[in-house]
Amino acid sequence: MPLAFLMMALISPITKSTGFHMQDDLAALKDSLSASLSRHNVPGGGFAIIQGDTITWVGGLGLADLEKKREVSDTTVFRVGSITKVFVAMGIMKLVEENKIALDSEINKIIPEIKVSNRWQDTDPVRVIHLLEHTSGFDDMHFNEYFSKKGDTISSIDALQVNPASRKVRWKPGTATSYSNSNYAVLGHILEKFGGEGFETYLMKRILQPAGMSRSTFSNLEVKPENLAIGYYPKGGNLVEAPYKAYNFRWAGSLTSSPSDMAKFVLLLLQKGMVDSVQYFDPQTILAMETPSSSMVAKRGMPIGYGMANSISVRGKFKTYGHSGGLGGYISNMRYNRELGVGYVILLNRASITGQREALQHIHNYIASGLDGLSPALAMPLNPSYLSQFTGNYTPYNARNVIFEGPQKLLGGKQVFVQGDTLYTKAFMQQPKALIPVRDGVFRQQGYVDGHILFVEHEGERHYIESNGLSNHFIESSLIWTRVKQVAFFSSLAVLVVSVLIILIRFVKRSWRVSLAPNFYSFLSALCLFGMLAMISNLQIEEIDKFVALNWFTGSFFALSVTLTLLLLAVIYSTFKVWKRINLLHRIYVGLLSVSAFSLLLVFYDWHLLGLRLWAW
């Protein structure tokens, strides 16, 4: 498929409407944002709107501290989480500008001291660009890599030695995008090794200070309490303070910043590295960070996805660039569009995804109200015979963590089919969505202004990729086999529930007799499984430190998972023991119990659930 053909975007130019008066509706925007904070139980937020070379509004709404009733202001600082990656990426690009490293440098050669397991090393090594664009194939960080036992001063070597298993390459580098904090921990090490100083000092000198970000730091411990927005999370019907925990991979998420500082940084990006008429960064560096190059999507000419710590989204009236973050009671987002000369910042002190999404929509509506924006890409007139080549069943390919891969493959697939003259995609237990063709193999959904879905043949297999910011990547698979696994799993769970009901009915009728051992073991298996689900169902991300050490929580979870394994085996064993002593009806029933137990053993083994030591994962 010719690259030039794929790059032909049928998009009309972006124009500014003559009625563009954002200031006129600023009071209404503030009211809408305040209402959103209240509706989603978010204590407070810091916001900024940038237009052209001016910060139109920067300020705060709500409370930074619930107990002291301290209000959020433009200088209140928040943990901004993964937005840190943008600064690290810019630092790496500074090293590239200085010819100290190259984007195609092989990491096994420039940092051999960092262990990476890559079975394609000889032909497809992991390169710096793969780390920057999350196309290395690494797992995301594992549970015991979240928080540092050595505080904010842990070295990059020590942090990366906690669990090298997260740096096992799962597919050829450059094949798929999968977000991994481990990528940026490795980049942090590269930054320190070739920058010649700690990454905090390096980035302060070369990025934060030139941008005028005087209130930003890489540790909450350096922030005066009266300047800090306290992070909160829901617990027992109330909001409780999220305790500060040092981030193990601080190169991936430790930045603390204010609305005013982040507004200055967005302005720097809008001005292609210029601050107060001084060009601090090469404009080509900024543009390169906004242009994905190493993923399967990027190599086929689609200018969206994830660049160098810069995600590109085409939903709504205009394309936006930027990054989001979330950590320890905080959630953040910064986006911008240079062609329109607009940008915004959202910093909240409760990690409410729905609250942030609503705030983002209010700001988008406010900005877009005076803009014509993009016209949707025109649809290509295609016949059903052409569309039929894309039909099939597609299984998730790029799970963020291998430990979540099993459930995603079982329940997260897509069916693609033709109905009439339209191609549809359907997720498990969801309504079908029409795919609008915009060019060969590229489609968009309603509400998106350009193609963000790609079908592509790669090494003899068909891939289906939804790329809008980060990518959801699927590979063609057997629909029959997928359905068999789904039916087996849910049927097995149903049999477990039936075994529980039978035991309870016997208990209520006072006919408590364990006449069928397989039924009793199945009942105990269900209790174990329900217990494990109960342990994790109400766990907040702010409490993930419960996973990182051997304690009552991880010890109990491990004990339940081992007990579950033994009980499922006991169901199978006891079935053989009682088989000759029971009638046909009972044989059918215990046979179902045994088959269900075996099916669940296979599934839970595939999901790494049997004997799972959370503290060591």
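Keep in mind it's a predicted model, so treat the numbers as computed, not measured. One numbering rule holds for all chains: residues counted from 1, following each sequence as written. Totals for whole chains, interfaces and linings use all residues, but because this is a predicted model, local features are given only for residues with pLDDT of at least 70 and pairs of side-chain atoms are given and counted only at 80 or more. Just so you know, side-chain values use all the structure's heavy atoms and leave hydrogens and water out.

J.: Residue-level account of the packing of helix α15 (residues 517-537) against helix α16 (residues 552-578), with values.
T.: Interaxial angle, 0 to 180 degrees, is taken between N-to-C directions of lines fitted to C-alpha atoms, where a helix line uses only the stretch in contact. Numbering of helices and strands runs from the N terminus; a helix is a DSSP stretch of H or I covering at least four residues, while a strand is a stretch of E covering at least two. Here α15 crosses α16 at 160 degrees, and the two axes come no closer than 8 Å. Considering their axes alone, α15 and α16 lie roughly antiparallel with respect to each other. The element α15 and its partner α16 pack so that their crossing is left-handed. In terms of residue class, the contact of α15 with α16 is built from 18 nonpolar, eight polar and no charged. Any angle that is under 35 degrees is reported as roughly parallel, and any over 145 degrees as roughly antiparallel; angles of 65 to 115 degrees are reported as roughly perpendicular and all others as oblique. By definition, turning the near helix anticlockwise from the far helix through less than a right angle yields a left-handed crossing, and turning it clockwise yields a right-handed one. Gly counts as polar in this scheme, as do all residues outside two lists: the nonpolar Ala, Val, Leu, Ile, Met, Phe, Trp, Tyr, Cys and Pro, and the charged Asp, Glu, Lys and Arg.

J.: Hey, could you go over the nonpolar core for me, with residue numbers and the actual values?
T.: Remark: nonpolar core denotes a set of buried residues (Ala, Val, Leu, Ile, Met, Phe, Trp, Tyr, Cys) joined through side-chain atoms within 4.5 Å. Remark: exposure states derive from per-residue accessible area (1.4 Å probe, protein chains only) relative to the maximum for the residue type, with buried under 20%, exposed over 50%, and partly exposed in between. Formed by 134 residues in total, the largest nonpolar core has its most connected members in Phe-87, Ile-190, Phe-265 and Phe-604. A total of nine residues in this core trace back to one element, the largest contributor, which is helix α3 (residues 84-97). Residue contacts are counted whenever heavy atoms from the two residues lie within 4.5 Å of one another. Those residues in contact with Ile-190 that sit more than four places away from it in its chain are Ile-92, Leu-95, Ile-101, Ile-107, Ile-110, Ile-111, Val-128, Leu-131 and Gly-195. Formed by 21 residues, the second largest nonpolar core is a distinct cluster that contains Phe-318, Leu-348, Ala-359 and Ile-367.

J.: I'd like a rundown of helix α7 (residues 181-195), residues and numbers included.
T.: Each helix should span, by expectation, one fewer than its residue count multiplied by 1.5 Å. The end-to-end C-alpha distance of α7, which contains 15 residues, comes to 20 Å, matching closely the 21 Å that a straight helix rising 1.5 Å per residue would cover. Of all 15 residues that make up α7, 13 are buried, and the element is covered over most of its length. Taking the backbone nitrogen of Ser-182 as reference, a side-chain oxygen 3.2 Å away marks Ser-180 as the first, capping residue of α7. Of the residues one or two after α7, Gly-196 is the one with positive phi, at around 80 degrees. Any N or O atom pair separated by 3.5 Å or less is treated as a polar contact, with the protein-specific requirement of one donor-capable and one acceptor-capable atom, and with residues adjacent in sequence counted only for side-chain atom pairs.

J.: Give me the sheet that holds strand β4 (residues 70-71): which residues, what numbers.
T.: Here, a strand pair is defined by DSSP locating no fewer than two bridges between the strands. Taken in spatial order, the eight strands of this open sheet run β4-β3-β2-β15-β14-β13-β12-β11, and their pairing is antiparallel. A single partner strand is all that each edge strand has here, and the edge strands are β4 and β11 (305-306). Taken together, the seven bridges between strand β14 (residues 330-337) and strand β15 (residues 342-348) define a ladder with antiparallel strand orientation. Bridge pairing in β15 places Asn-337 opposite Val-342. Lying on the sheet, helix α11 (residues 353-368) is in contact with β2 (44-51), β13 (320-327), β14 and β15; it crosses β15 at an angle near 155 degrees.

J.: Now, about the packing of aromatic side chains: what can you tell me, with residues and values included?
T.: Each pair of aromatic rings taken from Phe, Tyr and Trp, with Trp reduced to its six-membered ring, is defined by centres within 6.5 Å and is described as stacked if the planes are under 30 degrees apart, edge-to-face if over 60, and tilted in the remaining cases. In total, this model carries 29 aromatic pairs according to the counting rule given. Taking 4.7 Å as the distance between ring centres and 75 degrees as the angle between the ring planes, the aromatic pair formed by Phe-143 and Phe-547 counts as edge-to-face. In this pair, Phe-143 is assigned in the loop between α5 (128-132) and α6 (156-161) and Phe-547 in the loop between α15 and α16, connecting sequence segments 404 residues apart. When sorted by exposure, Phe-143 lands in the same class as Phe-547, which is buried. Pairing Phe-547 with Phe-553 gives two aromatic rings, centres 5.6 Å apart and planes at 20 degrees, and the pair type is stacked. Here the two residues Phe-547 and Phe-553 agree in accessibility, since each one is buried. Taken together, the ring pairs in this structure connect Tyr-386, Phe-390, Tyr-394, Phe-443, Phe-455, Tyr-464 and Phe-474 into an aromatic cluster.

J.: Describe unusual backbone geometry, naming the residues involved and giving the relevant values.
T.: A positive phi is found at Asp-276, a non-glycine position, where the angle reads about 50 degrees. By the element assignment, Asp-276 lies in the loop between β9 (274-275) and β10 (278-279). For His-608, which is not a glycine, the phi torsion comes out positive at approximately 60 degrees. With respect to the helices, strands and loops of the structure, His-608 is situated in the segment after α17 (584-606).

J.: Lay out a nonpolar patch on the surface in plain terms, naming residues and giving numbers.
T.: Two distance rules govern patches: like charges are joined within 9 Å, and nonpolar side chains (Val, Leu, Ile, Met, Phe, Trp, Tyr) within 5 Å, applied only to residues with over 30% relative accessible area and no salt bridge. Note on areas: Shrake-Rupley with a 1.4 Å probe; residue coverage comes only from the protein chains shown. Salt-bridge detection follows one rule: a side-chain nitrogen of Lys or Arg within 4 Å of a carboxyl oxygen of Asp or Glu. On the surface, a cluster of nonpolar side chains totalling about 680 Å² of accessible area is made up of Val-497, Leu-501, Leu-504, Ile-505, Leu-527, Phe-530, Leu-533 and Ile-536. Counting only elements with at least two residues in the nonpolar patch, the list comes to α14 (479-508) and α15. Note on placement: Leu-533 falls in helix α15.

J.: Before we move on, could you go through the pairing of β15 and cite the residues and values that matter?
T.: Within β15, seven of the seven residues are buried, leaving the element largely enclosed by the surrounding structure. Of the two faces of β15, both are covered, the one formed by Val-342, Tyr-344, Ile-346 and Leu-348 as well as the one formed by Gly-343, Val-345 and Leu-347. Between the end of β14 and the start of β15, which pair antiparallel, lie four residues, with Gly-341 showing a positive phi angle near 70 degrees.

J.: Describe in detail the side chain of Ser-311, supporting the description with residues and values.
T.: Within the element layout of this structure, Ser-311 appears in strand β12 (residues 311-313). A distance of 2.8 Å separates polar atoms of two side chains, one belonging to Ser-311 and the other to Arg-335.

J.: Talk me through the pattern of salt bridges; I want residue IDs and the actual numbers.
T.: Overall, the coordinates contain 17 salt bridges when judged by the stated rule. Between Arg-70 and Asp-65 there is a salt bridge whose closest N-O contact spans 3.8 Å. This pair shows no difference in class: Arg-70 is buried, exactly as Asp-65 is. The network of salt bridges with shared partners includes Glu-106, Lys-109 and Arg-127.

J.: So what about the sheet that holds strand β20 (residues 433-439)? Which residues, and what values?
T.: Ordered by their spatial adjacency, eight strands build a closed barrel running β17-β18-β19-β20-β21-β22-β23-β24, and the pairing between neighbours is antiparallel. Each strand axis lies, on average, 35 degrees off the axis of its neighbour in the sheet, ignoring direction. Of the pairings in the sheet, the one linking strand β17 (residues 392-396) to strand β24 (residues 470-477) comprises four bridges and is antiparallel in character. Considered in β24, the bridge of Asn-393 is made with Ser-477.

J.: Outline the side chain of Asp-65, listing residues and values.
T.: Relative to the elements of secondary structure, Asp-65 occurs in strand β3 (residues 54-65). A polar side-chain atom of Asp-65 sits 3.1 Å from the main-chain amide nitrogen of Lys-68. Those residues in contact with Asp-65 that sit more than four places away from it in its chain are Arg-70, Ile-230 and Tyr-232.

Note that all results are geometric; they support no functional claim without further evidence.
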